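# Descriptive analysis of the structure
What follows is each chain in one-letter form.
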Amino acid sequence: MKIAVIVQGRFHAFDLARALMAEGHEVTVLTNYPVWATKRFGLPPGIIPRFFGVWAASKSSPWLHRMFGKWAAREIQKSSYDLVHAFTGVAEESIRARSTDTLHFIVRGSAHIRVQDEILRDEAARCGVPIEHPTPWMIAREQREYEICDRIVVLSSFALQSFLQMGVDPAKMICIPLGVDVKRFRADAEAIAARRRRILSGEPLRVLYTGNLQFQKGLRDLIQITQTLRTENFRFQLIGTVTPEAKALVSQFPNTVELVPRQPQNDLPRWYAGADLYIFPTIQDGFAVVLTQASASGLPILTTTNCAGPDMVEEGVSGWVLPIRDPEAFVEKLRWCDRNREQLAEMIELAHGRFRARDWSDVARGLGAAYTKARQELRPPAMSRDTTLAKNCDIALAKNGDVTLTKNSEFNG
């Protein structure tokens with residue numbers, strides 16, 4: 001296929017583009033991510049036709065989204081594509097400029113925007129602080145994109161259910177979970193053995209979190225979990241950027257918590273290897289790639305229902321999926337891990353042995369299969385003249401073989 005990927009920034013688009021090219025597709029990426037920086041992610045020269053050279057301080061700017069969308073629409077009109085795969089928020093203009101032969105998929109990295117907005121508003125009320133949430137203009141824009149696109153791609157069953165809950169036609173939905181760089185994050189036998197030795201020695205359990213420190217990721221619950229366990233046999237490492245909304249609260253973490261600045265992607269595997277458990281109490285994530293990294297690293301995962309956790313975690317085998325906004329449930333499971341160290345060590349061996357890699361080639365093949373199915377449903381092959389006659393007319397055959405058109409309201413042949 002000839003595919004255009006439209007993304008404002010990077011997200012998972014660069015990983016997907018590499019995998020699609022490896023599968024033999026011709027891919028063009030349209031982004032406002034600096035071209036010089038794309039080389040770090042393995043994109044070959046020429047995959048980005050021209051950099052959209054505007055980077056606004058606020059990525060939620062209506063002006064930026066519209067300008068980027070118009071630029072992307074002009075770029076895709078310069079060639080003919082089988083599929084335009086655009087991230088929500090910057091897809092509207094390219095869809096409206098569509099050619100009849102091109103399919104337009106949009107990918108939503110979170111839950112349905114109205115469900116996401118409701119969750120974040122509830123969290124702001126719970127925490128008593130302002131939390132960034134979708135603006136009315138963005139909600140309206142994305143809902144227009146939902147209406148006019150050919151298919152909506154989501155990344156987890158949680159995200160899929162949020163769209164169905166909002167009344168979106170199930171036939172329009174496609175769920176394609178993301179992958180992981182298995183070679184980079186897969187824990188080796190030595191790392192698993194070292195983890196078992198640490199656990200069985202009785203030393204404090206090392207609990208890892210990766211990702212931005214923000215309320216959407218369950219910051220309030222993470223603070224409460226670490227405060228409750230501050231005198232117990234745990235040490236927490238939280239790796240990521242402290243967002244502006246969280247700066248006033250990070251001081252509430254106890255001294256059993258080590259705050260580590262965001263780390264380069266290439267350095268993350270060693271942090272996963274040095275941990276014993278992985279915690280991610282998010283209240284809303286369309287997927288959360290960090291879960292695939294932790295899973296590949298052989299870490300038992302404690303996470304919530306509102307992400308890809310239910311799709312990835314085998315309950316009691318590779319971790320636990322817990323309700324959102326329930327820090328006590330996380331505390332209970334962590335205490336179980338401390339009390340039952342032999343069982344935890346066995347769990348690590350079992351989870352590591354049963355891990356089944358889903359890499360980016362699986363994602364690329366999933367998108368290819370979704371395109372083929374949608375093409376058959378939305379752009380069926382042109383019918384022959386005889387088939388068209390049979391479809392649009394009632395035909396009576398006289399004894400002498402002549403054809404009489406008994407109803408001809410549609411046929412103009």
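Use the structure listed above.
Reading guide: rules and limits
- Residues numbered from 1 in each chain as written.
- Predicted model: local features only at pLDDT ≥ 70, side-chain atom pairs only at ≥ 80, totals over all residues.
- Heavy atoms only, no water.
- Helix = DSSP H or I, 4+ residues; strand = E, 2+ residues; numbered from the N terminus.
- Buried < 20%, exposed > 50% of the residue type's maximum accessible area, 1.4 Å probe, protein only.
- Contact = heavy atoms within 4.5 Å.
- Areas by Shrake-Rupley, 256 points an atom, 1.4 Å probe, with all protein chains shown as cover.
- Pairing = 2+ DSSP bridges.
- Axes fitted to C-alpha atoms, helices over the stretch in contact; angles between N-to-C directions.
- 1 Å grid on protein atoms, 1.4 Å probe; cavity = no way out; pocket = protein on both sides within 12 Å on 5 of 7 lines; lining within 4 Å.
- Points joined across faces, edges and corners; volume = space filled by probe spheres on them.
- Nonpolar A, V, L, I, M, F, W, Y, C, P; charged D, E, K, R; others polar.
- Core = buried A, V, L, I, M, F, W, Y, C linked by side-chain atoms within 4.5 Å.
- Salt bridge = Lys/Arg side-chain N within 4 Å of Asp/Glu carboxyl O.
- Phe/Tyr/Trp six-rings, centres within 6.5 Å; stacked < 30°, edge-to-face > 60°.
- Polar contact = N/O pair within 3.5 Å; in protein donor to acceptor, adjacent residues only side chain to side chain.
- Parallel < 35°, antiparallel > 145°, perpendicular 65-115°, else oblique.

## Let's talk about the overall build of the protein
What the protein contains, in helices and strands, is 17 helices and 14 strands. Out of the 413 residues belonging to the protein, those deemed buried represent 52%. For the protein, the share of sequence-separated contacts (at least 6 apart) that also reach a separation of at least 24 residues comes to 65%. Carbon and sulfur atoms form 50% of the exposed surface of the protein, whose accessible area is close to 19100 Å².

## Quick notes on unusual backbone geometry
Glycine aside, residues mostly have negative phi angles, and peptide bonds mostly take the trans form. Even without glycine at this site, Phe11 takes up a positive phi of about 45°. Even without glycine at this site, Arg325 takes up a positive phi of about 55°. By the element assignment, Arg325 lies in the loop between β12 (319–322) and α14 (327–339).

## Topic: the sheet that holds β12
Read across the open sheet, the six strands follow the order β9-β8-β7-β10-β11-β12; overall the sheet is parallel. The open sheet has two edge strands, β9 (257–260) and β12, and neither has a second partner. The average undirected angle you get between the axes of adjacent strands in this sheet is 20°. Where strand β7 (residues 205–210) meets strand β10 (residues 277–280), two bridges bridge the pair, whose relative direction is parallel. Looking at the pairing, Val207 lines up with Leu277 of β10.

## Let's talk about empty space enclosed by the protein
Enumeration over the complete set of coordinates arrives at one cavity of 30 Å³ or more. Reported here for the largest cavity is a volume of approximately 60 Å³. His12, Leu16, His85, Val107, Val153, Leu155, Ile176, Leu178, Val363 and Leu367 together form the lining of the largest cavity. Considered class by class, the residues forming the lining of the largest cavity number eight nonpolar, two polar and no charged.

## Considering the nonpolar core
Within the largest apolar cluster, 61 residues are counted, with the highest numbers of intra-cluster contacts made by Phe236, Tyr272, Tyr278 and Leu334. Among the elements that take part in this core, α14 stands out by supplying five residues, more than any other. Once you skip the residues sitting within four places of it in the chain, Tyr272 turns out to touch Phe185, Arg195, Leu208, Thr210, Tyr278, Val290, Gln293, Ala294, Ser297 and Leu299. Among the nonpolar cores identified, the runner-up in size contains 36 residues, and Leu103, Phe105, Val363 and Ala370 belong to it.

## As for the pattern of salt bridges
This structure, assessed with the given rule, holds 26 salt bridges. For Arg184, the salt bridge goes to Asp181, with nearest N and O atoms at 3.6 Å. Exposure remark for Asp181: the relative accessible area of 31% places this residue in the partly exposed category. Note that Arg365 is salt-bridged to Asp362, the shortest N-O span being 3.0 Å.

## Points about the packing of aromatic side chains
Two aromatic rings, taken as a pair, are described by how far apart their centres are and by the angle between their planes. Summed over the entire model, instances satisfying the criterion amount to twelve aromatic pairs. Ring geometry for Phe14 versus Tyr33: centroids 5.4 Å apart, planes at 90°, classification edge-to-face. Of this pair, Phe14 sits in helix α1 (residues 13–22) while Tyr33 sits in the loop between β2 (26–31) and α2 (35–38), and the two are 19 residues apart along the sequence. The exposure class of Tyr33 is buried, given its relative accessible area of 16%. With a centroid separation of 5.8 Å and 80° between ring planes, the pair formed by Phe185 and Tyr272 is classed as edge-to-face. With Phe185 in helix α8 (residues 182–185) and Tyr272 in helix α11 (residues 268–273), the pair connects residues that are 87 residues apart, well separated along the chain. Grouping residues by exposure puts Phe185 and Tyr272 together as buried.

## Let's talk about the side chain of Ser318
Mapped onto the elements, Ser318 comes out in the loop between α13 (309–312) and β12. Separated by 2.8 Å, the side chain of Ser318 and the backbone nitrogen of Glu314 make a polar contact. Contacts of Ser318, omitting those with residues within four sequence positions, involve Leu299, Pro300, Ile301, Met312, Val313, Met347 and Ala351.

## Focus on the packing of helix α3 (residues 62–76) against helix α6 (residues 136–148)
Any two packed helices are characterised by the angle at which their axes cross and by the distance between the axes. Interhelical geometry of α3 versus α6 gives an angle of 25° and a closest axis separation of 10 Å. The angle between α3 and α6 falls in the class roughly parallel. Only Trp137, Met138 and Arg141 of α6 make contact with α3, whose side of the interface consists of Pro62, His65 and Arg66.

## Description of the layout of surface pockets
Within this model, the second largest pocket holds a volume of roughly 420 Å³. Along the walls of the second largest pocket sit 22 residues, with Ser295, Met312, Val313, Phe355 and Arg356 positioned nearest its centre. Counting only elements with at least two residues in the lining of the second largest pocket, the list comes to α12 (289–296), α13 and α15 (341–354). At three residues, α15 tops the list of elements feeding residues into the lining of the second largest pocket.

## Regarding the sheet that holds β2
Taken together, six strands build an open sheet; the order of strands is β2-β1-β3-β4-β5-β6 and the sheet is parallel. The open sheet is flanked by β2 and β6 (173–175), the only strands paired with a single partner. When the angles between neighbouring strand axes are averaged without regard to direction, this sheet yields 20°. Across the sheet, α1 lies against β1 (2–7), β2 and β3 (83–87), angled at about 165° from β2, the strand it touches most. Against the sheet, helix α16 (residues 360–378) touches β3, β4 (103–107), β5 (151–154) and β6, its axis set at about 135° to β4.

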